[in-house]
Amino acid sequence: MIEAPADVLVVGLGPAGAGLAIRLARAGLRVTAIDRAVFPRDKICSEFLNPETVRQLDLLGATEPLRAVAVPLHGARVFGPRGHALTGLFGEAPGTRHEPGISVPRRLLDQILMELARAAGVRIIEDCRLTDLIREDGRIVGGLVARGQATETIRARVTIGADGLHSVAARLLGGRLREPLRRYGFVAHVADVPDVGFTAEMHVGRGLYVGLNTIGPGLTNVAVVASRATLAAAGGDPTRFWAEALDRFPAVRGRVRADRIVRPVLTTGPFATRSRHLVSNGALLIGDAAGFFDPFTGEGVCTALREAEMAAPVVVEALAATRTPTAEQLDRYRLLRRRAFAGKWAVERLIGYGMLAPALFDRAVGRLERRGMGHTLIGVTGEIVPARAVLNAGFLMAMVV
Ligand SMILES: Cc1cc2nc3c(=O)[nH]c(=O)nc-3n(C[C@H](O)[C@H](O)[C@H](O)COP(=O)(O)OP(=O)(O)OC[C@H]3O[C@@H](n4cnc5c(N)ncnc54)[C@H](O)[C@@H]3O)c2cc1C
């Protein structure tokens, strides 16, 4: 039995959980954070961090440790299914001069965030998995956790579900809603891929896309994201599927060599999914546990960190006012999140569902490139330009006419 009279129990120490744990501990709360993994651990991701992510990491104090391990990221070049290409550079996005993003292996990034949380005073328990929530008088008052063979309880005034795409907390708090898009990710690290600079490549095909992103000297993150139907047709072995998927793209074929794989293929899915209840009496969900659509726009880490930024003051204020906050007291986080992300969600879906029509998608890529509008689009997905720069009649017409 762990005696842990915490103010806050954070379940999951990815960017969402670590970001929130750091903020709450710095605000003077007693925070216990658990993760089923032992750090450093890998996380399937394209490791493309947009400029707003860099700003968020700076706010947390992660800039200095990241300097030694991150490489710059100038933007992305999208190759349509029929030969058109679109370049979007953060530095060319409308508005004031924008700094680039960065790329860094998640194994390093998440370790840095976890260490910052520890330094902020968070009590961290690794190899500790949430299995159930403790409910008393209609409120969540902590979690039941598995540590090796033992089951223990950790009590807290607020419990934060930050346990990712397959969140146990979200399932226990009312379940997940699935969107029609059902995609799966396959990601490896590969050495010596020629001609990959500091602008990521996205190659879109029928039923799948491929991303190449430099994450260190001579090291490339090679991601394949495929629809359920594409996957079903392939069957079996993920590494073989990943390699065969790369071969379908003439601009990628031959550049990624199986004998240069440094970190084997990791897989996840399906996405897209979101949680039915973001806030409950005594509990709140952030990051992928709250919802995740599709990795194409490379925004998940940014969203996780921004949600942590939004949730922190709500939790601090609620705990100052009461012993165990009600869903109503935590609801401001849900409203802030919706206000901040509604535009971005629409743009993500425009792109994510747009890929289902390869000819149209390719034409839009060509038209936007001719008009130099790729910089605006990446500025929006990079969260340095407001979504309304894309969600307006002029921009949308430019894609199709
Ligand atoms: C293929 C792919 C590519 C992506 N590429 C990018 C990209 O380039 N850029 C970008 O910004 N985003 C990208 N994303 C999205 C990004 O990875 C996520 O949005 C981000 O990691 C969300 O952070 P999180 O903290 O919510 O969850 P996670 O990072 O998943 O962290 C959750 C943590 O919870 C722990 N956990 C899980 N279950 C339990 C449990 N029961 N008990 C205790 N701990 C638990 C896990 O061990 C983990 O450490 C990509 C996603 C995919 C699938």
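Residues numbered from 1 in each chain as written. Predicted model: local features only at pLDDT ≥ 70, side-chain atom pairs only at ≥ 80, totals over all residues. Heavy atoms only, no water.

**So, helix 9 (residues 327–354)**
Argument step 1. Residue phenylalanine 341 marks the point of greatest curvature in helix 9, where the axis turns by about 50 degrees.
Argument step 2. Residues of helix 9 that are buried: Ala327, Leu330, Asp331, Tyr333, Arg337, Phe341, Lys344, Val347, Glu348, Ile351 and Gly352. (Bend = angle between axes of the 7 residues up to and from the residue. Helix = DSSP H or I, 4+ residues; strand = E, 2+ residues; numbered from the N terminus. Buried < 20%, exposed > 50% of the residue type's maximum accessible area, 1.4 Å probe, protein only.)

**A word on the side chain of histidine 98**
Argument step 1. Tracing the backbone through its elements, the reader meets histidine 98 in the loop between strand 6 (85–89) and strand 7 (101–103).
Argument step 2. Separated by 2.9 Å, the side chain of histidine 98 and the backbone oxygen of proline 94 make a polar contact.
Argument step 3. Beyond its immediate sequence surroundings of up to four residues, histidine 98 is in contact with Phe90, Gly91, Ala93, Ile384 and Val385. (Polar contact = N/O pair within 3.5 Å; in protein donor to acceptor, adjacent residues only side chain to side chain. Contact = heavy atoms within 4.5 Å.)

**Let's talk about the sheet that holds strand 7**
Argument step 1. Sheet architecture is open: three strands sit in the order 3-7-4, paired in antiparallel fashion. Unpaired on one side and paired on the other, strand 3 (48–49) and strand 4 (71–73) mark the two borders of the sheet.
Argument step 2. Note that strand 3 and strand 7 share two bridges and pair antiparallel. In the sheet register, leucine 49 faces strand 7, and the bridge partner there is isoleucine 102. (Pairing = 2+ DSSP bridges.)

**Observations concerning the domain arrangement of the protein chain**
Argument step 1. Assigned domains within the protein chain: domain 1 (6–69 + 104–175 + 276–349) and domain 2 (178–271).
Argument step 2. Counting residues at the interface gives 18 residues for domain 1, matched by 23 residues for domain 2.
Argument step 3. Both sides together, the interface formed by domain 1 and domain 2 hides about 1,600 Å², and carbon and sulfur atoms give 61% of it.
Argument step 4. The interface formed by domain 1 and domain 2 includes three salt bridges.
Argument step 5. One salt bridge in this structure joins glutamate 179 and arginine 349, with 2.5 Å as the shortest N-O distance. (Domains from an automatic or database assignment. Buried area = accessible area lost by both parts, 1.4 Å probe. Salt bridge = Lys/Arg side-chain N within 4 Å of Asp/Glu carboxyl O.)

**Describing the nonpolar core**
Argument step 1. Residues Ile160 and Tyr333 are the most contacted members of the largest nonpolar core, which totals 71 residues.
Argument step 2. Excluding residues within four positions of it along the chain, isoleucine 160 makes contact with Val8, Leu9, Val10, Val11, Leu20, Leu284, Ile286 and Val315.
Argument step 3. Judged by nonpolar contacts, the second largest core, of 27 residues, contains Leu86, Val385, Ala387 and Val390. (Core = buried A, V, L, I, M, F, W, Y, C linked by side-chain atoms within 4.5 Å.)

**A closer look at the site of the ligand**
Argument step 1. Taken together, 36 residues sit near the ligand, with Asp35, Ser46, Phe48, Arg106 and Asp288 positioned nearest.
Argument step 2. Proline 15 places a polar main-chain atom, nitrogen or oxygen, 3.2 Å from an oxygen atom of the ligand.
Argument step 3. At 3.0 Å, a backbone N or O of alanine 16 approaches an oxygen atom of the ligand.
Argument step 4. If you list the elements that add at least two residues to the shell around the ligand, you get helix 1 (15–26), strand 9 (129–136), strand 16 (261–275) and helix 8 (300–321).
Argument step 5. Sort the elements by how many residues they give to the shell around the ligand and helix 8 lands first, with three residues.
Argument step 6. Across the shell around the ligand, the residue classes break down as 18 nonpolar, eight polar and 10 charged.
Argument step 7. Two domains each donate at least three residues to the shell around the ligand, and these are domain 1 (6–69 + 104–175 + 276–349) and domain 2 (178–271). (Near = heavy atom within 4 Å. Nonpolar A, V, L, I, M, F, W, Y, C, P; charged D, E, K, R; others polar.)

**Some remarks on the packing of helix 1 against helix 2 (residues 51–60)**
Argument step 1. At a minimum axis separation of 10 Å, helix 1 and helix 2 run at an interaxial angle of 35 degrees. The two elements helix 1 and helix 2 cross, and the hand of that crossing is left-handed. From helix 1, Gly19, Ile22, Arg23 and Arg26 reach across to helix 2, where they touch Gln56, Leu59 and Leu60.
Argument step 2. Its residues placed into classes, the contact of helix 1 with helix 2 shows three nonpolar, two polar and two charged. (Axes fitted to C-alpha atoms, helices over the stretch in contact; angles between N-to-C directions. Left-handed = near helix turned anticlockwise from the far one by under 90°.)

**Remarks on the packing of helix 10 (residues 358–370) against helix 12 (residues 393–400)**
Argument step 1. Where helix 10 meets helix 12, the axes come as close as 7 Å, and the angle between the chain directions of the two elements is 115 degrees. Facing Arg363, Ala364, Arg367 and Leu368 of helix 10, the residues of helix 12 in contact are Phe395, Ala398, Met399 and Val400.

**What about the packing of aromatic side chains?**
Argument step 1. According to the stated counting rule, one finds six aromatic pairs in the structure shown.
Argument step 2. Each ring, one from phenylalanine 293 and one from tyrosine 353, has its centre 5.7 Å from the other, and the planes form 50 degrees; the classification is tilted. Residue phenylalanine 293 is found in the loop between strand 19 (291–292) and helix 8, and its partner tyrosine 353 is found in helix 9; the two are separated by 60 residues along the sequence.
Argument step 3. The residue whose ring lies beneath lysine 344 is phenylalanine 341, and the NZ or CZ to ring-centre distance is 4.9 Å.
Argument step 4. Over the ring of phenylalanine 293 we find arginine 349, and its NZ or CZ is 4.2 Å from the ring centre. (Phe/Tyr/Trp six-rings, centres within 6.5 Å; stacked < 30°, edge-to-face > 60°. Lys NZ or Arg CZ within 6 Å of the ring centre and 35° of its normal.)

**Focus: the pattern of salt bridges**
Argument step 1. Taken as a whole and judged by the stated rule, the model has 27 salt bridges.
Argument step 2. For glutamate 52, the salt bridge identified is with arginine 55, shortest N-O distance 2.9 Å. Here glutamate 52 pairs with arginine 55, and both are found in helix 2, just three residues apart, close to one helical turn.
Argument step 3. Residue class for glutamate 52 comes out buried when judged on its relative accessible area of 9%.
Argument step 4. For arginine 55, a relative accessible area of 42% gives the class partly exposed.
Argument step 5. Its salt-bridge partner being aspartate 331, residue arginine 334 comes within 2.7 Å of it at the nearest N-O pair. Within this pair, arginine 334 and its partner aspartate 331 are both found in helix 9, separated by three residues, close to a single helical turn.
Argument step 6. If you follow the salt bridges from partner to partner, you end up with Glu179, Glu299, Arg306, Lys344, Glu348, Arg349 and Glu383 in one network.

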